[in-house]
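Structural features, examined
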Amino acid sequence: MPQLPNFFSCFSSSPSSLSRSILKLSLGGSVAYAAWRYAYVGLRGKHRIRIKADFLLDIDEKEGFDVMSDPLMLNPTTPWWFNIVPRSASDSVIKELKELVLHRLQTDQDAGDYQDDREFFISYWIYFGRLLPVFWKSAVAAPRREHGLRVLSYRQALGPYGWFYHAHKVGKHPSSSSTGASDSQSPTCLIQDTIEATVWDEPLADAIAGFLLTQILSCRGEELKRRYGGECLGVKMVD
């Protein structure tokens, strides 16, 4: 039998030799990546991605904030290949958060900006392609007002990212009247979604994560538009 080229020699070896070859390649790749990351952070500092999405919905501001602040609405508005399922251990925390949101919506209509330092820890199973499970825990900040907008944000407390922060900001569309109706039946609720994140502080892994996150937010905008009417103004990565 003719001798195989060296490039294919590892595939003609015994299973144990093949395993060692794969292990060596994996270790070599890991070392090269670690060196690249160390050099990048040393020269350029920690890398971050920022994704901004803007939506207009044909619902009023209160309903818009109720929708965007509900942890149970995450999974129904994501792509088929990305599922985020709250763990039953977090049911009581989700209930407490939803009650606080309802209280705020009923009592702070004329309130100015305010802050609330409480956090609600909610854990999920995230499935990629409906198969690969990843554990995630969010630290959800209590609802607040900033510059006249209702805000609900959360950060990753435990999960695959080195850093992850997501904020939902909800306000009246400029064409809305004081009664909640809008001129010419235009959308009344403005949604501003912003994600800031990094996987390992460098741009290679962040480019993949940024693409996936952009797709998830785009799908969410389309699903919200389908359910409530309105318009997706754009989803993009920004500096």
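Our structure's up above, just so we're on the same page.
Description of the structure in this document.

Calculation rules
Residues numbered from 1 in each chain as written. Predicted model: local features only at pLDDT ≥ 70, side-chain atom pairs only at ≥ 80, totals over all residues. Heavy atoms only, no water. Helix = DSSP H or I, 4+ residues; strand = E, 2+ residues; numbered from the N terminus. Contact = heavy atoms within 4.5 Å. Areas by Shrake-Rupley, 256 points an atom, 1.4 Å probe, with all protein chains shown as cover. Buried < 20%, exposed > 50% of the residue type's maximum accessible area, 1.4 Å probe, protein only. Salt bridge = Lys/Arg side-chain N within 4 Å of Asp/Glu carboxyl O. Phe/Tyr/Trp six-rings, centres within 6.5 Å; stacked < 30°, edge-to-face > 60°.

Things to note about the overall build of the protein chain
Assigned secondary structure in the protein chain consists of 4 helices and 9 strands. Going from the N terminus to the C terminus, the protein chain shows its helices and strands as α-β-α-β-α-β-β-β-β-β-β-α-β. At a minimum sequence separation of 6, the contacts of the protein chain that also span at least 24 residues come to 65%. Of the roughly 13700 Å² of accessible surface on the protein chain, 58% is carried by carbon and sulfur atoms.

Brief notes about unusual backbone geometry
Even without a glycine there, the phi angle at His147 is positive, about 55°. By the secondary structure assignment, His147 is in the loop between β5 (144-146) and β6 (149-158). Using a relative accessible area of 73% as the deciding quantity, one classes His147 as exposed. Even without being glycine, Asp201 reaches a positive phi, approximately 70°. Looking at the secondary structure, you find Asp201 in the loop between β8 (189-198) and α4 (203-228).

Examining the environment of Leu97
Residue placement: Leu97 occurs in helix α3 (residues 91-107). Since its relative accessible area comes to 1%, Leu97 is described here as buried. The sequence separation of Leu97 and Pro71 amounts to 26 residues, and the corresponding C-alpha distance is 9.0 Å.

Remarks on the pattern of salt bridges
Counting across every chain of the model gives 14 salt bridges. Between Asp70 and Lys98 there is a salt bridge, with the nearest N and O atoms lying 3.0 Å from each other. One end of the pair, Asp70, is in the loop between α2 (61-68) and β2 (82-86); the other, Lys98, is in helix α3, and 28 residues separate them in sequence. Assessed through its relative accessible area of 14%, Asp70 is described here as buried. Notably, a salt bridge pairs Asp116 with Arg118, separated by 2.7 Å at the nearest N-O pair. Residue classification places Arg118 among the partly exposed positions, given a relative accessible area of 41%.

A word on the packing of aromatic side chains
In this structure the tally under the stated criterion is 9 aromatic pairs. Ring geometry for Phe82 and Phe128: centres 5.4 Å apart, planes at 70°, overall edge-to-face. Of this pair, Phe82 sits in strand β2 while Phe128 sits in strand β3 (residues 119-128); the two residues are 46 residues apart in sequence, bridging distant segments of the chain. In this structure Phe82 comes out as buried when scored by relative accessible area, which is 12%. Ring geometry for Trp125 and Phe135: centres 5.7 Å apart, planes at 75°, overall edge-to-face. Residue Trp125 is found in strand β3, and its partner Phe135 is found in strand β4 (residues 132-141); the two are separated by 10 residues along the sequence. For Trp125, a relative accessible area of 34% gives the class partly exposed. Using a relative accessible area of 27% as the deciding quantity, one classes Phe135 as partly exposed. The rings of Trp136, Tyr154, Tyr161 and Phe164 are connected pair by pair, giving a single aromatic cluster.

Side note on the environment of Lys137
By the secondary structure assignment, Lys137 is in strand β4. With relative accessibility at 31%, the residue Lys137 sits in the partly exposed group. With 19 residues separating them in the primary sequence, Lys137 and Gln156 have C-alpha atoms 6.2 Å apart. Not counting chain neighbours up to four residues away, the residues in contact with Lys137 comprise Phe121, Ile122, Ser123, Arg155, Gln156, Ala157 and Leu158.

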